[in-house]
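Architecture at a glance
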Amino acid sequence: MERSRNSFQQALAQALPGQEIGLDRPRSGELGDFAFPCFRAAKALGLNPQALARDLAAKIVIPGAELAAAGPYLNLKLQPAVRARVLLEALLGTVPFGSAPAHGETVLVEYSSPNIAKLFTIGHLRSTMIGHSLAQVNRYLGCSVTRLNHLGDWGTQFGTLLAAYKAWAEQDNPELEQDFPWADEVPEKLRTPLYRLFQLYVRFHAAEESDPSLHDEAKAWFVRLEQGDPEATRLWSWFRQISIREFLRIYQRLGVAFDTLDQGEAFYQDMLQPTLDLLQHSGLLKEGDGGAMIIDLEDVGIQTPSLVQKADGSSIYATRDIAAALFRRDTWHFDRCVYVVGADQILHFKQLFAVMEKLDPWYRGRMLHTPFGMVSLPEGKMSTRKGNVIFLEDVLDEAVVRVRAIIEEKNPELADKAAVAEMLGMGAVVFFNALNDRVKPITFTWDRVIALDGDTGPYVQYAHARILSVLRKAGGDWANRARPGAAADSAVVPFAAAPLPDSMEGLEDAPAQTLLFELAGLPEAYRTMQRENMGTAVARQLLTIAKAFSGFYTNCPILWPENSQAVRDSRLALCLATARALRQGLHILGVQAPEAM
Ligand code: ARG
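Structural notes, computed from the coordinates. (Residues numbered from 1 in each chain as written. Predicted model: local features only at pLDDT ≥ 70, side-chain atom pairs only at ≥ 80, totals over all residues. Heavy atoms only, no water.)

Attention now moves to the packing of aromatic side chains. Counted under the stated rule, the structure contains 29 aromatic pairs. Ring centres of Trp168 and Phe204 lie 6.1 Å apart, and the angle between their planes is 65 degrees; on these two criteria the pair is classed as edge-to-face. Pair noted here: Trp168 is in helix H6 (residues 156-168) and Phe204 is in helix H7 (residues 193-210), with a separation of 36 residues, a long-range link. With a centroid separation of 6.2 Å and an interplanar angle of 85 degrees, the aromatic rings of Phe327 and Trp332 are classed as edge-to-face. By way of ring pairs, the aromatic residues Tyr111, Phe120, Phe247, Tyr251 and Phe258 are connected into one cluster. (Phe/Tyr/Trp six-rings, centres within 6.5 Å; stacked < 30°, edge-to-face > 60°. Helix = DSSP H or I, 4+ residues; strand = E, 2+ residues; numbered from the N terminus.)

Structure representation (structure tokens):
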């Protein structure tokens, strides 16, 4: 495909010396494979774009392709057999389709970053899966990626937890192994120490409303923790351990991994004083109200100053982020550091980036916050403090239950029903998250988030499974070729190169050509995903391919006994190429693809 693109570009460069030659993708494969919009060149040459397109169409000759003007566009359309050959070569070859070789760019992706002693809510799914997929696509496109989790394991909320534990748990339930007598009925699967910690947290905030003195108590505990008080430290580290154990279980279920889990907020504790000193030396620190330390950002258009030390001397979220940015610069000398954090922290990151640029211009253009819209309930914002949240595991479990019911009804004989239901249920939730615009807020309703028909993950998964069923029926090596080798923690699904069919006969028909054209759109979708820092483009392209496959499957018989061997082989090769492309694309988004469903 690249070769055809290059020939077209070269021919254009020759015909239009000195002009910039940018190629687009036509709206459909009917029109062609590449489009050259003539507007800019026509303007520079004082010509009418339609006339220029017609002119070029008559002049340029590229073997194996037709050139045609369509209004102000010059389209290059590969002959059907050529289109089939170049794409099958690329899709079945050794280089993963649409990937890029390693090029040395260093990218840090920071995502998930949950706060200790809270449960994963549906909101955490967004950061976790968007971040995971961005790490995947950047790795696929040749970047050297480090996946970071800035665990919220420090801060005033630990004062709250310590005070709450002391007040309501230490006496009667020191190991947090039993349910609290004052708690509502606790569902079986939530009977964990982490859930009990969370209940303490919620109770504390409720009690605080009527008894403000509790607030001071929590503050005092945090001060003790910051001063290294042994008891506070012991409890903190135990709370942390309880939480991490749960988080790891969920990450495993989601198929998400990190390169480091021990660089959370607490990790930067020892670096805070040096960070404050550096800020002081750089002349950035100012005294704010009542002795707090702030950094003024008005000169760069940010009205709210960045607070870096509270009046009582206790440390602050923002300062830990400054320390982390310094540490990351010194450790990785990154080209980009992407923070996948909710839109409610836009100001925080604006301030952070402004502070870093003041400290060292090196940071300019390297720091990126990719905010995502918050998930709310129809009745309003979710709040852990108030306890009105949707837990992530409930969503995943419910999705799996719904899929399971459909399988029992439609395909009760299916092997491995539980595993398949897990993949489809998770696929529905995760794909929904990828498909939706990252920035728009989402109102959570069960039917929406775990929908199973329409533009959903299971629709793409179904196309993949249907292809595998065709390949199994075809016999020989076909189905095996659609199975990857041993999975490593990699963005690439490891397929071995597969043989190309001898002839492309059987792929000239329009539905086959449409499918080929849509497959050809994947590399650009990956680049768009990388550029926009969201999976929408890839999710959409996968849906389009799945739909195009359905058209091909209905209109071009594959295993029909009257097909010639050549037709059968070329169509099976296209099936194989499609299955691999879908599986790879889903893998980038963090969705698994069962072989049967
Ligand atoms: N723990 C924070 C939260 O749950 C998110 C951390 C985001 N990352 C950062 N570097 N500040 O809201």
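What follows picks up the thread again.
Attention now moves to the sheet that holds strand E13 (residues 442-443). Reading across from one edge, E12-E11-E13 is the order of the three strands in this open sheet, with mixed pairing throughout. Each of the sheet's edge strands pairs with one partner strand only, and the pair in question is strand E12 (380-381) and E13. Relative to E12, strand E11 (residues 375-377) is paired through two bridges, and the arrangement is antiparallel. Bridge pairing links Leu377 to Gly380 in E12. (Pairing = 2+ DSSP bridges.)

Around the ligand, a shell composed of Glu110, Ser113, Asn115, His150, Tyr317, Asp321, Tyr339, Val341, Gln345 and Phe349 is seen. One nitrogen or oxygen atom from the side chain of Tyr317 is found 2.6 Å from a nitrogen atom belonging to the ligand. Within the side chain of Gln345, one N or O atom sits 3.0 Å away from an oxygen atom of the ligand. The fraction of the free accessible surface of the ligand (340 Å²) that becomes covered by protein chains is 86%. Here the shell around the ligand is built from residues that sort into four nonpolar, four polar and two charged. (Near = heavy atom within 4 Å. Polar contact = N/O pair within 3.5 Å; in protein donor to acceptor, adjacent residues only side chain to side chain. Areas by Shrake-Rupley, 256 points an atom, 1.4 Å probe, with all protein chains shown as cover. Nonpolar A, V, L, I, M, F, W, Y, C, P; charged D, E, K, R; others polar.)

Interhelical geometry of helix H19 (residues 522-532) versus helix H20 (residues 536-555) gives an angle of 160 degrees and a closest axis separation of 8 Å. With respect to H20, the element H19 is oriented roughly antiparallel. Contact with H19, carried on its side by Leu522, Ala525, Tyr526, Thr528 and Met529, involves Ala537, Val538, Gln541, Leu542 and Ile545 of H20 and no other residues of that element. For the contact of H19 with H20, the residue count by class is eight nonpolar, two polar and no charged. (Axes fitted to C-alpha atoms, helices over the stretch in contact; angles between N-to-C directions. Parallel < 35°, antiparallel > 145°, perpendicular 65-115°, else oblique. Contact = heavy atoms within 4.5 Å.)

Here strand E5 (residues 144-148) lies mainly inside the structure; four of its five residues are buried. Sheet topology note: the strand E4 (residues 106-110)/E5 ladder contains five bridges and is parallel. Following the sheet pairing, Glu110 is matched in E5 by Leu148. (Buried < 20%, exposed > 50% of the residue type's maximum accessible area, 1.4 Å probe, protein only.)

The full count for this structure, using the stated rule, is 37 salt bridges. Across the pair Arg320 and Glu265 runs a salt bridge whose closest N-O atoms are separated by 2.7 Å. Highlighted residues: Arg320 in helix H11 (residues 317-332) and Glu265 in the loop between helix H9 (230-254) and helix H10 (272-281), separated in sequence by 55 residues. Judged by its relative accessible area of 3%, Arg320 falls in the buried class. One salt-bridge network, held together by shared partners, links Lys189, Glu246, Arg249, Arg253, Glu393, Asp394, Asp397 and Glu422. (Salt bridge = Lys/Arg side-chain N within 4 Å of Asp/Glu carboxyl O.)

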